[in-house]
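Survey of secondary and tertiary structure
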Amino acid sequence: MGKKDSKKKSADKKARVADKTARKTSKKEKKSSNKKAADADDDDVDLDSVLEEYARQQALFLKVTETTLTEPPPVRANATLAAAPNGKELLLFGGETFNGAVAKFFNELFAYNPAHDEWRQITSPNSPLPRSGHCVTTSQYGGGNTGSMWLFGGEFSSPKQGTFYHYNDFWRFDLGSREWSRVEGKGSGKGGSGGGGPPARSGHRIVAWKNYILVMGGFQDTSSATKYLSDLWAFDTNLYTWTAISLPAHAQRPEARSSFSLLPHEQGAALFGGYSRVKSSSIPSAGNRKGGGSKASSGSVAWKPVIHQDTWFLRMDQDLTRVRWERRKKPGNPPNPPRVGVTMAWHKGRGILFGGVKDEEDSDEGLESTFFNDLFAWGIDRNRFFPLVLRKPRVQKKAGNERGGGRRDRAREAEEDLLRNLKALEVVGKDDNEEEEEEKKEEKRLVVIKEQVMSLELPHERFNAALAVLDDVLYIYGGTWEKGDREFTFDEMFAIDLGKLDGVRSVFSREDETIWEESEDDEDEGDEDEEEEDEEEMDIDENEEPEKMQIDEAEIELRRKEKALRKKGKSRDLEQAHETPDVQEPEPTEEAAEEASLDRTPHPRPFESLRAFFTRTSAAWLEILIAEQETGAHKNKTVKELRKEGFAAAEEKWWACREEIRALEDEQEEAGIGEVVSLADAGGGGGGGGGGAGRRR
């Protein structure tokens with residue numbers, strides 16, 4: 001009876017497997033026919049005709065319109081986020097979505113007003129075509145009093161990404177008229193098509209310096225490989241001409257790269273990091289990282305990924321023949337491990353960095369990726385990174401007011417009077433009605449901020465997030481995260497007050513509703529694995545016990561030794577990791593000492609607000625500016641103008657030292673010190689002699 005049941009089960013199983021195999025064969029034939037049709041459609045796509053159709057649809061808009069949205073823009077990746085020069089809005093443009101099979105590109109422009117928590121969509125009769133991987137910057141030059149946003153390059157592809165297209169067009173968005181216009185600049189140097197301007201590219205960076213818009217780096221996809229670029233171009237917003245900046249043959253310059261950080265500086269620009277791939281005969285090629293990766297190479301040519309960690313300074317000059325690159329020392333305390341898929345947002349002499357990804361390529365298992373959500377500030381002049389850590393807001397003491405006045409209260413009153421005067425300088429010429437409107441807007445902004453959810457945890461790990469700083473607040477939009485073969489595009493935006501660092505505000509957050517479609521190759525591999533399992537099942541005799549794996553004593557001993565060696569190596573790595581800061585620390589310390597000796601400007605103190613810092617040092621800043629006025633640097637400036645420039649200089653110095661001062665504040669708080677007050681500044685006379693309050697503890 002048992003044998004009959006066993007034979008019956010075996011026959012049933014073979015029948016089920018045969019039926020399953022027949023269904024898979026039919027499914028594969030259907031997939032093959034569909035894939036051939038899809039490939040034929042993809043190959044037949046004429047991108048030029050597709051883009052012409054987009055242009056015709058864009059021409060249907062007869063005037064500029066702004067539409068208030070009831071909810072934030074639809075999800076997208078690789079878009080750009082820029083802070084308008086007027087300090088009132090953020091501009092979001094372009095981007096793409098990908099569901100594993102089909103890519104879609106956008107050319108919509110959105111404006112976000114943080115004060116009203118309001119999104120608006122701006123349409124113009126003339127707009128850039130859909131794209132991602134482009135770059136934008138804002139400038140007060142070339143756009144009247146309101147300023148402009150400039151856009152160059154980017155990429156576009158057919159829906160199934162069978163063919164790619166790189167742009168070399170240049171656009172200006174006028175923040176006053178709210179209208180796009182294509183810039184047809186003339187070239188005064190070598191270049192690609194489009195009037196002698198830069199060749200087509202994506203993954204590049206652009207930055208504004210005085211009346212120039214600078215374009216540098218990026219990559220171009222060709223039919224056989226990816227070409228990384230290191231060229232530098234300057235567009236004159238006064239003359240509307242492009243110039244390819246050529247350097248002497250012996251001059252040093254950064255290597256070709258994309259996805260790097262390029263930040264503005266009063267004397268030029270500062271560059272950090274980036275990504276590229278170089279030919280290699282020993283390391284096989286793997287997949288590409290969107291926004292600066294290289295497609296897998298064919299044949300025997302292999303490509304090695306390179307994560308750049310060097311820093312450079314671009315020293316600009318109105319005479320473009322005198323422009324030079326200067327290589328800087330390795331930055332102090334850089335993000336570890338090195339990462340790509342991250343650029344920085346500029347903020348008052350600093351670069352704010354968030355997120356990133358580190359890829360490790362393995363010939364057997366493909367690509368292993370580690371994602372990050374660290375937040376750093378890079379001091380451009382000091383060339384040093386500082387981790388930004390969120391913390392609970394400090395409780396402000398009101399002991400002075402409770403005691404009923406005194407020298408400290410009179411000092412605070414003087415500060416408030418000074419700040420009111422500074423604010424009056426900013427709103428000079430406004431009538432009472434305008435001031436009332438400003439106060440109402442500020443009240444509404446505070447209400448909006450209170451309603452948004454706060455958290456002391458940084459956003460989820462991601463790469464290629466769009467960053468911008470507006471009114472000392474960092475905004476993080478979107479980004480991508482991967483799990484297995486699937487990409488997740490974050491549909492959210494967060495805000496972090498860089499002065500307080502008291503938490504992360506969620507501007508909006510929605511779940512990713514993209515329905516991911518696996519590629520046919522992945523499904524075929526899954527089917528093959530299932531078939532192999534079925535074949536193995538058919539070969540197994542159900543009455544036969546599975547053979548147990550035997551390991552001899554020599555193999556066990558060998559594995560123990562390997563495990564001990566790995567453990568020993570790991571502990572050595574940990575020791576080196578702990579020792580590394582101690583070894584590298586003296587160099588930044590020497591640089592800091594050298595900078596301190598050269599920097600004669602006033603220095604902030606622990607627990608000192610920007611207002612208090614300027615109140616204490618305003619006379620010193622005025623003396624510095626008056627001395628510069630005598631040399632001609634600030635000629636014909638009024639007292640009010642000098643005072644305003646002094647406040648701007650003090651503000652920049654306060655932010656440049658912010659992270660170092662914050663570290664001192666943490667140390668003093670641990671020691672029980674909550675506030676540091678100078679008796680001389682508070683009007684208490686000299687040192688610690690005398691009686692009364694001077695000896696209180």
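One numbering rule holds for all chains: residues counted from 1, following each sequence as written. Where totals are concerned, whole chains, interfaces and linings use all residues; where local detail is concerned, this predicted model gives features only for residues with pLDDT of at least 70, and gives and counts side-chain atom pairs only at 80 or more. The basis for the side-chain values is all heavy atoms of the structure; hydrogens and waters are excluded.

**As for the overall build of the protein chain**
To qualify as a helix, a DSSP run of H or I must reach at least 4 residues; to qualify as a strand, a run of E must reach at least 2; elements of each kind are numbered from the N terminus. Along the protein chain, the regular secondary structure elements total 11 helices and 37 strands. Using a 1.4 Å probe on the protein chains alone, a residue whose accessible area is under 20% of its type maximum counts as buried, one over 50% counts as exposed, and one in between counts as partly exposed. Buried positions account for 39% of the 697 residues belonging to the protein chain. Roughly 39800 Å² of accessible area belongs to the protein chain as shown, and the carbon and sulfur atoms make up 49% of that amount. Each accessible area is a Shrake-Rupley estimate made with a 1.4 Å probe; only the visible protein chains count as cover when residues are assessed.

**Quick look at the nonpolar core**
Judged by nonpolar contacts, the single largest core of 25 residues is most densely connected at Ile-352, Leu-375, Leu-388, Leu-474, Ile-476, Ile-496 and Leu-498. For this core, the elements supplying multiple residues, two or more each, are strand 26 (350–354), strand 29 (375–379), strand 32 (466–470), strand 33 (473–477), strand 36 (491–497), helix 9 (610–631) and helix 10 (639–656). Start and end points for every domain follow an automatic or database-based domain assignment. In this structure, this core is formed jointly by two domains, domain 1 (59–280 + 303–391 + 451–508) and domain 2 (603–672), each of which donates at least three residues. If near-sequence neighbours (up to four positions away) are discounted, Leu-498 is found in contact with His-347, Arg-350, Ile-352, Leu-388, Val-469, Asp-472, Leu-474, Trp-655 and Arg-662. The set of buried Ala, Val, Leu, Ile, Met, Phe, Trp, Tyr and Cys residues whose side-chain atoms join them within 4.5 Å is what this entry labels a nonpolar core. Listed in part, the 20 residues of the second largest apolar core include Val-207, Tyr-212, Leu-320 and Val-323. Here, two residues are considered to be in contact whenever any of their heavy atoms come within 4.5 Å of each other.

**Re the pattern of salt bridges**
Salt bridges, as used here, are contacts in which a Lys or Arg side-chain nitrogen is within 4 Å of a carboxyl oxygen on Asp or Glu. Enumeration according to the criterion identifies 19 salt bridges in this entry. When the shortest N-O distance is used, the salt bridge between Glu-660 and Arg-382 registers 3.0 Å. Taken together, the residues Glu-660 in helix 11 (residues 658–670) and Arg-382 in the loop between strand 29 and strand 30 (384–387) connect sequence positions 278 residues apart. Counted as one network, the salt bridges with shared partners bring together Glu-66, Glu-89 and Arg-178.

**Points about the packing of aromatic side chains**
Two aromatic rings from Phe, Tyr or Trp, using only the six-membered ring of Trp, form a pair when their centres are within 6.5 Å; if the ring planes differ by under 30 degrees the pair is stacked, by over 60 it is edge-to-face, and anything between is tilted. Evaluated as defined, the whole model comprises 28 aromatic pairs. Arranged with centres 5.3 Å apart and planes meeting at 75 degrees, the rings of Tyr-165 and Tyr-167 form a pair that is edge-to-face. Of the residues examined, Tyr-165 reaches a relative accessible area of 30% and is grouped as partly exposed. A network of ring pairs unites the aromatic residues Trp-150, Phe-152, Phe-170, Trp-233, Phe-235, Tyr-240 and Trp-242 as a single cluster. Whether a charge sits over a ring depends on NZ of Lys or CZ of Arg being within 6 Å of the ring centre and within 35 degrees of the ring normal. The ring of Tyr-167 is capped by Arg-131, whose NZ or CZ atom sits 3.8 Å from the centre of that ring. Sitting over the ring of Phe-490, Arg-462 keeps its end group 3.9 Å from the ring centre.

**Comments concerning the confidence of the model for the protein chain**
A score between 0 and 100, pLDDT records how confident the predictor is in each residue. Across the protein chain, the average pLDDT comes to 75, with 60% of residues at 70 or higher. Scored below 50 in pLDDT, residues 30–41 makes six contacts in the model with residues more than four places away or belonging to other chains. In the predicted structure, residues 682–697 sits below a pLDDT of 50 and forms 11 contacts with residues beyond four places in sequence or in another chain.

**With respect to the pairing of strand 25 (residues 344–347)**
On any regular strand, side chains alternate: one points to one face of the sheet, the next to the other face. Paired strands are those between which DSSP finds at least two bridges. The sheet contact formed by strand 25 and strand 26 spans four bridges and is antiparallel. Paired with His-347 across the strands is Arg-350, a residue of strand 26. Following strand 25, the chain reverses through two residues before pairing antiparallel with strand 26; Lys-348 in that reversal takes a positive phi of roughly 50 degrees.

**Observations concerning helix 10**
The terminal C-alpha atoms of helix 10 lie 26 Å apart, and with 18 residues this matches the ideal 26 Å at 1.5 Å per residue to within 8%. For helix 10, the full list of buried residues reads Leu-642, Gly-646, Phe-647, Ala-650, Glu-651, Lys-653, Trp-654 and Trp-655. In this analysis, the expected span of each helix is defined as 1.5 Å times one less than the number of residues it contains.

**As for the sheet that holds strand 3 (residues 90–93)**
The antiparallel open sheet is built from five strands, whose spatial order is 1-7-6-3-2. Sheet topology places strand 1 (65–68) and strand 2 (80–83) at the edges, where each strand pairs with a single neighbour. Geometrically, the sheet is characterised by an average inter-axis angle of 25 degrees between neighbouring strands, direction not taken into account. Summarising the sheet, strand 3 and strand 6 (residues 109–113) pair through four bridges and their orientation is antiparallel. Across the sheet, Phe-93 pairs through a bridge with Leu-109, a residue of strand 6. For helices, the fitted line uses only the C-alpha atoms of the stretch in contact; every axis is such a line through C-alpha atoms, and the angle between N-to-C directions lies from 0 to 180 degrees.

**What about the sheet that holds strand 24 (residues 324–327)?**
Neighbouring strands of a sheet are bound in pairs by backbone hydrogen bonds; such pairs are parallel or else antiparallel. Read from one edge to the other, the open sheet built from four strands follows the order 21-22-23-24, with strand pairing classed as antiparallel. Two strands bound the open sheet, and with one partner strand each, they are strand 21 (261–265) and strand 24. Taken pair by pair, the neighbouring strands of this sheet meet at an average axis angle of 35 degrees, ignoring direction. As defined by bridge partners, strand 23 (residues 302–315) adjoins strand 24 across four bridges and the pair is classed as antiparallel. Following the sheet pairing, Trp-312 is matched in strand 24 by Arg-327.

**Structural notes on the side chain of His-134**
Mapped onto the secondary structure, His-134 falls in the loop between strand 7 (118–123) and strand 8 (135–139). With a relative accessible area of 5%, His-134 lands in the buried category. Not counting chain neighbours up to four residues away, the residues in contact with His-134 comprise Asn-78, Thr-80, Phe-93, Gly-94, Gly-95, Leu-151, Phe-152, Gly-153, Gly-154 and His-204.

**Digging into unusual backbone geometry**
Leave glycine aside and you will find that most residues have negative phi; peptide bonds, for their part, are mostly trans. In this chain, Asn-336 is followed by Pro-337 through a cis amide linkage whose omega measures 5 degrees. Here Pro-337 shows up in the loop between strand 24 and strand 25. Positioned with a positive phi, Tyr-240 is a non-glycine residue whose angle comes to about 55 degrees. Tracing the backbone through its elements, the reader meets Tyr-240 in the loop between strand 19 (232–236) and strand 20 (241–244).

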